[in-house]
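# Breakdown of the fold
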Number of protein chains: 2
Amino acid sequence: MPAVAPPSLLVNLDAIEDALRAALQDGPSELLSVSRYVMGWEDADGQPAETGGKRIRPALCLFAATLFGKPASVAMPGAVAVELIHNFSLVHDEVQDHDAERHHRPTVWARMGEAQAINVGDFLITKAFEALAAAPNSAEQRLRAIEALNAAMAAMIAGQWADVSFETRTDVSSEEYLAMVRGKTGALLGAPLAIGAILAGASPEQAAALQEWGETVGLAFQVQDDYLGIWGQPNLTGKSNTNDIVRRKQTLPIIHGMAGEARAEILAAYGQELIDNEAVGRVVTALERVGADRATKAGGERIAKMADDLLAGFELPAEIRRELHAVGRYLIDRDR
Amino acid sequence: MPAVAPPSLLVNLDAIEDALRAALQDGPSELLSVSRYVMGWEDADGQPAETGGKRIRPALCLFAATLFGKPASVAMPGAVAVELIHNFSLVHDEVQDHDAERHHRPTVWARMGEAQAINVGDFLITKAFEALAAAPNSAEQRLRAIEALNAAMAAMIAGQWADVSFETRTDVSSEEYLAMVRGKTGALLGAPLAIGAILAGASPEQAAALQEWGETVGLAFQVQDDYLGIWGQPNLTGKSNTNDIVRRKQTLPIIHGMAGEARAEILAAYGQELIDNEAVGRVVTALERVGADRATKAGGERIAKMADDLLAGFELPAEIRRELHAVGRYLIDRDR
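Residues numbered from 1 in each chain as written. Chains lettered and ligands numbered in written order. Predicted model: local features only at pLDDT ≥ 70, side-chain atom pairs only at ≥ 80, totals over all residues.

## Looking at the overall build of chain A
Secondary structure assignment for chain A yields 16 helices and 2 strands. A globule of 336 residues ought to have a C-alpha radius of gyration of about 20 Å, and chain A, at 20 Å, matches this closely. Taken across its 336 residues, chain A has 52% of its residues classed as buried. Across chain A, every contact between residues at least 6 apart in sequence was considered, and the portion connecting residues at least 24 apart equals 68%. (Helix = DSSP H or I, 4+ residues; strand = E, 2+ residues; numbered from the N terminus. Rg over C-alpha atoms; globule rule 2.2 N^0.38 Å. Buried ≥ 20, exposed ≤ 12 C-beta atoms within 10 Å, placed from the backbone. Contact = placed C-beta atoms within 7 Å.)

This is the structure in structure tokens:
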């Protein structure tokens, strides 16, 4: 699994950080201060920190512009916008999931309460649209980019709605699950590509094709992640392989097992107050008995193949196609 | 106090309702169903209901277009957008304030939990931008309208942030309070006017002038409401005049009293587990002793006068100016 991002996603990281900082200059000082905390530039005491994310989405947005022969910089307002929307979604998700920590730091709601965390998320949305509306592009292009961002946000929220609603259900189908993931995870991987393309002058068709590829790549990543969440080697993935079950997550293998003869074991384990290692083991054994491991792995490979097929259909020079393919593999195999 | 809205704000109510329904057609069926509940068209069982708001903001938006000689209908996408943003803010506010009821109906979070209420609010934001982006206007006008809506949303959220932060402070100044109200209440009364004007082809200066007037009117309304919240006659206002104090609200008279010799009485009452009628009485007496009633009334009148002065500066035919003035008085004197 490639641990290092391809050069296309790394070359502009400093410029992205500068542009994000510039986008968070105007507004009430306290909201800006919390926003800097969310972005990872400050700790809880307002002291400088460097704990920001990998900026995969903005990097994708800039990269998309270069596919159309434009400098990456033409897509910078879009790069800023997608990263701010990503961070809005993290802040609201943390409230919704009651996660008190992310990357070993207290989340916003854990620091200052749910009410203000909701406000911070809402504020970041306005900063995203503000950045995109202020791009030096034509009104037409800016409007198309705003529509793409807004539609991706709507799809992401629909995915989040579905994800929350799944928590109280035991009859979620694989189709429902994959549709949820395409919204929750895929939409904000497809949108950066579409927006970068739009700001570089691409046609609606070109932007839509890249967007679909990005969404599909996001879907493949999540299914792979679901597999590794149970059958990954912690020393290779760096992540626990019991956590998904301990936290009662409804990932693809669980949904597969729940629809078949592993249902009783899963319901028994998920019904326990505390899911111990023994219970995790019983669930894993039951999942393997019904082939949920192989089905999930095959599902992920099938979706990754779909992404490759989409890519093969693009009219692109061979070199650029190879670059895109490398970016896709990195996204599918990346850590979170 | 005028109980009935001026004709300018009433003529298009049915068309507004139709346009709002049309804007909430596409999306996941459950999110659309909850949205219909929020808009007041359905009860909790999905049965038809008629409990929607007064649609003051969309009516203002349509009215603004007519000031520039255009049919109200040219501003309909803006009318839809401002009402959806208003409803997004209500849904998130209810979570933030832990209000379990609004207009005798359970709020969204009370029905389906905070996580889904946050999602519903976020979803309504995307529907607002979607409606505005799809207007038949030029890309330039649509973009200006989107920027006006987004800026108003940012101001509203900043106001909401300040309002929440005031809850744990006892040193809020009148200036801070009025700045908070201008954002929280004023921004979304000014924006409909600006957006309606923009969609009708008004210049940036014309739109900005109307917007400032609307914000100022919103501010005057809130200060008047603060006065009536303590010294109003319940049989005339239809509202309790003890509730603001019982709920420990920091309204303008309280802030005035807290900065002077009513501070001890207010802190003593607000520190009680339950604020009974006797404690309310002591606070009111202390407020009157320091002239908080007269100061609030005079403050409201001063702001209403500011709005009138702004209006006097507009280049408008006398008849239209009278109409705008009537709309302003209705807004200042309206119930919530």
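Picking up where we left off.
## Quick look at the confidence of the model for chain A
For chain A, the average pLDDT comes to 94, and 98% of its residues sit at 70 or higher. ipTM for the predicted complex: 0.95, alongside a pTM of 0.95. (pLDDT = per-residue confidence, 0-100.)

## Details of the nonpolar core
Counting residues in hydrophobic clusters, the biggest one holds 223 residues, and the most contacted among them are A:Ala75, A:Leu149, B:Ala75 and B:Leu149. If sequence neighbours within four positions are ignored, B:Ala75 has contacts with B:Cys61, B:Leu62, B:Ala64, B:Ala65, B:Ile195, B:Gly196, B:Leu199 and B:Ala200. (Core = buried A, V, L, I, M, F, W, Y, C linked by C-beta atoms within 7 Å.)

## Here we look at the interface of chain B and chain A
Across the contact, 32 residues belong to chain B and 32 residues belong to chain A. Taken together, the elements giving at least two residues each to the side of chain B that touches chain A come down to helix H2 (29–39), helix H4 (76–97), helix H6 (114–133) and helix H7 (139–166) of chain B. Per-element tally for the side of chain B that touches chain A: the top contributor is H7(B), with 14 residues. Looking at the side of chain B that touches chain A residue by residue, the classes come out as 18 nonpolar, 8 polar and 6 charged. (Nonpolar A, V, L, I, M, F, W, Y, C, P; charged D, E, K, R; others polar.)

## Observations regarding the relation of the copies chain B and chain A
Rotating chain B by 180° and moving it 0.0 Å along the rotation axis overlays it on chain A with an RMSD of 0.0 Å. What the rotation and shift describe, once combined, is the action of a two-fold rotation axis. Across chain B, the smallest distance between a C-alpha and the rotation axis is recorded for B:Ala139, namely 2.8 Å. Comparing interface residues between copies, 100% of those in chain B also lie at the interface in chain A; the contact surface is shared. (Least-squares fit on C-alpha atoms with pLDDT ≥ 70 in both.)

## Considerations on the packing of H2(B) against H6(B)
Two quantities define a packed helix pair, namely the angle between the helix axes and the distance between the axes. Residue and element names in this part refer to chain B. As a packed pair, H2 and H6 sit with axes 10 Å apart at the nearest point and diverge in direction by 90°. When the axis of H2 is compared with that of H6, the two are roughly perpendicular. On H6, the residues touching Leu31, Val34, Ser35 and Val38 of H2 are Val120, Phe123 and Leu124. (Axes fitted to C-alpha atoms, helices over the stretch in contact; angles between N-to-C directions. Parallel < 35°, antiparallel > 145°, perpendicular 65-115°, else oblique.)

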